[in-house]
Amino acid sequence: MRLPTVFLLIGAVIAQPLAGQEPDELGPVPTQERIGTMSDLMVRILYPTSDAIFYIATRTPTTSEEWTELEGQTLMLAESANLLMMPRRARDEDQWMRDAELLLRVGEAAFKAAKDHDVAALEALNDQLYQSCVQCHLHYRRGYGRRGEQLRPNEVPRTAVLPIGLRSR
Ligand code: HEC
C-alpha cells in the first residue's frame, strides 16, 4: 500500500498552491492584447528584421553568433505575420489575412535558410519578401500607391515608400 500513499502526497503538494483560489477569484481568462500600434510593429520589428534579409549579401554573418542573431531576426519576422493576424489587429478576415500569410511563408522560408546558413536561399527570397510588404501596403496603407493607378502585381507605385533595403534599386 506504499504506492497510493506516495500518490496522495504528491497530489496534496500539487493541490497546495491552488488552495483558496477558486476559479472565479482568478478573474477572467486572459486573451491576447496589443502592446504596440501597427506603426510600432512596422518600424521596430518588420523593418529592421526584413532589412537583415534585404542586405544579406553585404551583411553576411561571419561568426556563429551572427548566424544565431540572423536566425532570431528571421524567426521574429515570420512570427510578426502572426501578430498582424491577431484579432483586433487584422483589418478583415479575408484579404488582410492573405497578405499577412505571404509574409508568414517568406519568413518561414527565411528562418529555415538562416538555420541552414544558406546565403543564396536568403538572397533568392528578397523579391518575394519585398512583394509581401508591397502587396499589403497597396491594400491597406493610406496614401500608398495613387488611387486608380494601374499597377502590375510586381510593379512599384511611383508614390511608394520602399523598404530601406530596396531604395537604391
Ligand atoms: C498584412 C499587412 C502588412 C504587411 C504584410 C506589411 N505591412 Fe507595413 N504597414 C501596414 C499598414 C496597415 C501600415 C500603416 C500603419 C499606420 O500608419 O498606422 C504599414 C506601414 C508601414 C511602415 C510605415 C510605418 C510608419 O509609421 O511610418 C513601414 C516602414 C512598413 N509598413 C514596413 C513594412 C515592411 C518592411 C514590410 C515587409 C517586410 C511590411 N511593412 C509588411 C501593413 C502591412
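Starting from 1, residues in each chain are numbered consecutively following that chain's sequence as written. Where local features are concerned, this predicted model is filtered to residues with pLDDT of at least 70; where side-chain atom pairs are given and counted, the filter is 80 or more; whole-chain, interface and lining totals use all residues.

Asks: Hey, could you run me through the site of the ligand in this one?
Replies: Lining the immediate surroundings of the ligand are 20 residues, of which Ser39, Met42, Ser50, Cys133 and Cys136 lie closest. Among the elements of the structure, helix H2 (38-54), helix H4 (95-115) and helix H6 (126-140) are those that each provide at least two residues to the shell around the ligand. A run of DSSP states H or I qualifies as a helix once it reaches four residues; a run of E qualifies as a strand once it reaches two. Both are numbered from the N-terminal end. Ranked by residues supplied to the shell around the ligand, first place goes to H2 with seven residues. Three classes are used, and their members are as follows: Ala, Val, Leu, Ile, Met, Phe, Trp, Tyr, Cys and Pro are nonpolar, Asp, Glu, Lys and Arg are charged, and the others, Gly among them, are polar. For the shell around the ligand, a count of residues per class yields 14 nonpolar, four polar and two charged. Nearness rests on one distance test: the residue's C-beta atom, set from the backbone, must lie within 6 Å of the molecule or strand.

Asks: Any chance you could explain the confidence of the model for the protein here in plain terms?
Replies: Do not read the predicted coordinates in detail wherever pLDDT is low. For the protein, mean pLDDT is 84; residues scoring 70 or higher make up 72% of the total. Within the model, the stretch residues 148-161 combines pLDDT values under 50 with 15 contacts to residues more than four positions away or in other chains. Within a predicted model, pLDDT stands for the predictor's per-residue confidence, ranging from 0 to 100. Two residues form a contact once the distance between their C-beta atoms, set from the backbone, is within 7 Å.

Asks: Would you explain the packing of helix H3 (residues 64-84) against H4 in this entry?
Replies: Structural elements are reduced to axes, namely lines fitted to C-alpha atoms, with helices fitted over the stretch in contact, and the angle between N-to-C directions of any two is expressed from 0 to 180 degrees. Contact geometry of H3 with H4 gives a least axis separation of 8 Å together with a crossing angle of 165°. What the angle tells us is that H3 and H4 run roughly antiparallel. Handedness of the H3/H4 crossing: left-handed. Between H3 and H4, the residues in contact are Trp67, Leu70, Glu71, Thr74, Leu75, Leu77, Ala78, Ala81, Asn82 and Leu84 and Ala100, Glu101, Leu103, Leu104, Gly107, Glu108, Ala110, Phe111, Ala114 and Lys115, respectively. Here the word oblique covers every angle except those under 35 degrees (roughly parallel), over 145 (roughly antiparallel) and from 65 to 115 (roughly perpendicular). Here a crossing is called left-handed whenever its near helix is offset anticlockwise from the far helix by less than a right angle, and right-handed whenever the offset is clockwise.

Asks: Before we go on, may I ask you to explain the packing of H2 against H6 in this structure?
Replies: For any two helices packed against each other, the geometry comes down to the angle between their axes and how far apart the axes lie. Relative orientation of the contacting elements H2 and H6 amounts to 155°, with a least axis distance of 10 Å. By the angle class used here, H2 and H6 are roughly antiparallel. As H2 packs across H6, the resulting crossing turns out to be left-handed. The residues of H6 that touch H2, namely those facing Ser50, Ile53 and Phe54, are Asn126, Leu129 and Cys133. Class assignment for the residues of the contact of H2 with H6 results in four nonpolar, two polar and no charged.

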